[in-house]
Every structure is written in C-alpha cells, then in structure tokens.
Amino acid sequence: MSLDAEELQAFPKVSLHDHLDGALRPQTIIELAAEIGHVLPADNADDLGRWFAGSANSGSLGRYLETFDQTIAVMQTAPSLRRVAAEFVEDLAADGVIYGEARWAPEQHLRAGLIEVQQLITAMRQAEPTCDTAELALSYRHDGVAGFDIAGPENGYPPSRFLESFQLLRRQSAYYTIHAGEAGRCEYIWEAVQVCGANRIGHGVAIIEDIQQDDAGGAVFGDFAAYVRNEQIPLEICPSSNVQTGTVASIAEHPIHRLDRLGFRVTVNPDNRLMSATTVTREFALLAEAFDYSLEDVRRLGINAAKSVFAPYDVRKTLVQRITAAGQGRSSRA
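This report concerns the structure included in the present document. (Residues numbered from 1 in each chain as written. Predicted model: local features only at pLDDT ≥ 70, side-chain atom pairs only at ≥ 80, totals over all residues. Heavy atoms only, no water.)

So, the nonpolar core
Then, in step 1: By size, the foremost hydrophobic cluster in this structure holds 93 residues, and its most contacted members are Phe-148, Phe-166, Ile-201, Ile-207 and Phe-264.
Then, in step 2: A total of 6 residues in this core trace back to one element, the largest contributor, which is helix 14 (residues 295-306).
Then, in step 3: Other than its neighbours up to four places away in sequence, Ile-207 contacts Cys-186, Ile-189, Phe-224, Ala-225, Val-228, Leu-235, Leu-259 and Phe-264. (Core = buried A, V, L, I, M, F, W, Y, C linked by side-chain atoms within 4.5 Å. Buried < 20%, exposed > 50% of the residue type's maximum accessible area, 1.4 Å probe, protein only. Helix = DSSP H or I, 4+ residues; strand = E, 2+ residues; numbered from the N terminus. Contact = heavy atoms within 4.5 Å.)

Here's the deal with the environment of Leu-3
Then, in step 1: Structurally, Leu-3 is set in the segment before helix 1 (5-10).
Then, in step 2: The spatial distance from the C-alpha of Leu-3 to the C-alpha of Asp-143 is 38 Å, given a sequence separation of 140 residues.

Focus: the pairing of strand 2 (residues 97-104)
Then, in step 1: With 6 of 8 residues buried, strand 2 lies mostly within the body of the structure.
Then, in step 2: Sheet topology places strand 1 (residues 13-19) next to strand 2; 5 bridges connect them, and they run parallel. Residue pairing across strands places Ser-15 opposite Gly-100, the latter belonging to strand 2.
Then, in step 3: For strand 2 and strand 3 (residues 120-124), the ladder comprises 2 bridges, and the chain directions are parallel. (Pairing = 2+ DSSP bridges.)

Topic: helix 9 (residues 186-195)
Then, in step 1: All of the buried residues in helix 9 are Cys-186, Tyr-188, Ile-189, Glu-191, Ala-192 and Val-193.
Then, in step 2: Summarising the contacts, the buried residues of helix 9 are in contact with strand 5 (176-180), strand 6 (200-203) and helix 10 (223-230).
Then, in step 3: Of the residues trailing helix 9, Gly-197 is marked for its positive phi of about 70°.

Re the packing of aromatic side chains
Two aromatic rings, taken as a pair, are described by how far apart their centres are and by the angle between their planes.
Then, in step 1: A complete count under the given rule lists 7 aromatic pairs for this structure.
Then, in step 2: Here Trp-51 and Phe-52 contribute two aromatic rings whose centre-to-centre distance is 4.9 Å and whose plane-to-plane angle is 80°, an arrangement assigned as edge-to-face.
Then, in step 3: With a relative accessible area of 0%, Phe-52 lands in the buried category.
Then, in step 4: With 5.0 Å between their ring centres and 25° between their planes, Phe-166 and Tyr-176 make a pair best called stacked. Of the two residues, Phe-166 sits in helix 8 (residues 163-171) while Tyr-176 sits in strand 5, which places them 10 residues apart along the sequence. Here Phe-166 and Tyr-176 have matching classes, each one buried.
Then, in step 5: Ring pairs connect the aromatic residues Phe-148, Phe-166 and Tyr-176, which therefore count as one cluster.
Then, in step 6: One residue, Arg-200, lies across the ring of Phe-310, its end atom 3.8 Å from the ring centre.
Then, in step 7: The lysine or arginine in question, Arg-229, covers the ring of Phe-221, its NZ or CZ lying 4.1 Å from the ring centre. (Phe/Tyr/Trp six-rings, centres within 6.5 Å; stacked < 30°, edge-to-face > 60°. Lys NZ or Arg CZ within 6 Å of the ring centre and 35° of its normal.)

Here we look at unusual backbone geometry
Most peptide bonds are trans, and most residues other than glycine sit at a negative phi.
Then, in step 1: Within the chain, His-203 stands out as a residue other than glycine whose phi angle is a positive 80°.
Then, in step 2: Assignment of secondary structure puts His-203 in strand 6.
Then, in step 3: Its identity is not glycine, yet Gln-232 carries a phi of approximately 55°, on the positive side.
Then, in step 4: As for its placement among the helices and strands, Gln-232 is situated in the loop between helix 10 and strand 9 (235-237).

Examining the sheet that holds strand 2
Then, in step 1: Spatial ordering of the open sheet is given by 1-2-3-4-5-6-9-10, a layout of 8 strands whose pairing is parallel. In the strand order of this sheet, the two ends are held by strand 1 and strand 10 (266-268), each with one partner. Between one strand axis and the next, the sheet turns by 25° as a mean value, whatever way the strands run.
Then, in step 2: Where helix 6 (residues 78-94) meets the sheet, its contacts fall on strand 1 and strand 2, and the angle it forms with strand 2 comes to roughly 150°. (Axes fitted to C-alpha atoms, helices over the stretch in contact; angles between N-to-C directions.)

See below:
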C-alpha cells in the first residue's frame, strides 16, 4: 500500500528514539565546520548528505557509529548546540511529530568545557562505567530531562556494566531506556529488562530469536519473549537504521511486522535522521510499502509510542487523544 504522502506527513506522530547528533542538517554541519576549521569529507550539502547515508549503509554498527565523529566535532560550543537543538525541533515539527525525545551524550560535547542538559541523557556504554551521567539526569529530571539511556557499540559491552546507574535511577523512580538487541543477541535484551529493569528497549529486534514457529505456522514464545509481550515493554524499533547496520537484510525482511502482529508494543523511530536520510514519516511510508500498512496502522503504532513516552500520565493521555482523533472521517488513499 502506498499512503498519501501529504496525509501521512501531516498525521500526528511520536518519536521516541532520535539521536540529536544523528539529526543535523548537512548545510548546518558545513557552516559550523567552517567556523572551527574542521575538514569535512565533502564541501556541499548534497554531497555531504550522500556521504553520511552511504557511509552509514555499511552493514556494520561499528562503521555506522564512526560517522558521528563528523557531527560531534561541530557540536562543542553552546551556540552550536543551541542551533542544532532548535533545528532538531523545527525538523520534527515539519515532519508532523507532536512529541519527541531527543537523546544525546553530554560526555561527548566537553571538548570546550561545556555542560548543558536537555531531553534524554545518554551514557556511552564503551566508556568506563560511572554514575556521573545518571546523576546528571536526576539533577535535571524536572528541568527538561525525560530520562536516561546507554548507547554505543553493543557487543562486548552488556547493559549490566552500568547496573549501578540503573539501580540508582530505579531507587529514584526515574525512567530509562537501554539500547539492546540491535547488534547484540537476545541475551542483551534479557539483561536490560530482567537485570537492569529497563522501562523501554532501544531497538530490541533480537527478541525475535526467542520466538519459534510450530508445524502449523503458529508462534511459540520463549519465556522471555512472552514476558516482554505480556508486560508490553516498548520496543523502539528503527527500521532503516537496522538495515544499514546489518541487523536485518531489508525492510521487507524486518521482524517489526511479525512482532507487531503478535502483539508486542512496537514503536517506529528514525534513530539518526542524517545518517539514514530519513524522517518518522519516511519510516512509516517504508512500512506501508513493505507490509501494506494503512493510516490506521500508523495511528495504532503512534498510540503505542504515545503510551510509552517518559512523561506524566496527563501528557500521555493527551497525546493518545490527539492521535486517536487525527484524520477521523477521512480515509487513506491506496
């Protein structure tokens, strides 16, 4: 099914998994790089955008993450961060997003001694584990910080390395999500949920490893997959990014459709809009093409995300109401 592009873009959406340093405009990178003398791999916005998308489309999470060297280099001052953050919000609004959670790692933006906090605060899992970033998130929990996350290369860096941080956050009734089951196996998701107590899972694609198929084609759930479904633990799935990093071979082969139909709380996210040359709208359009999703499916998945935001109940309720009411009385065109 091909959804009407304008109708899909205007439809209210929620973005849960969206990295600030993966969403810069190419022209902004060029201008900020010129201010500090940073040499880029291309000298115009079109070529630079193609370089990011091409480099990220490597089939390797490690190579994908290397592209962030270029964006982080130009995000080391307060003015540059303010500009990037403002454009981040403008681009979300233009994409029909009514609630977004931007995640970024303050520790990666300290080359000029800067520390200023907004949105989801992220610790890099390959760094030496400390509680510093979790404590920072707690300090600003009532001033623009919705929660905590760990990100970065997955294999070899299990979530439990930051167990002390998660325990601290749990004791303080704070929210956190954990990248797991992207490049790593299902065991990493199990550890994120059952050992670390994650409220949400970033990506979580590998949960499919704990679901088998019987002779009649029905689903046979392992104990852990059943638990994740029963508890409706949100999965922040990022289809295009998962293809680029080699997590899945193609959108058509992505398990998101199966997980959705089996009743998991699936959400749709862009991950890194620059590296994937994508938006939330485009991610839904790709799913519509691959799995015949309708606008009602977009609504249902959007409600999944609205129920999963790290925000007070009244905010969640309002988001659900807005998405439920959107476009009523109109039908999507095939």
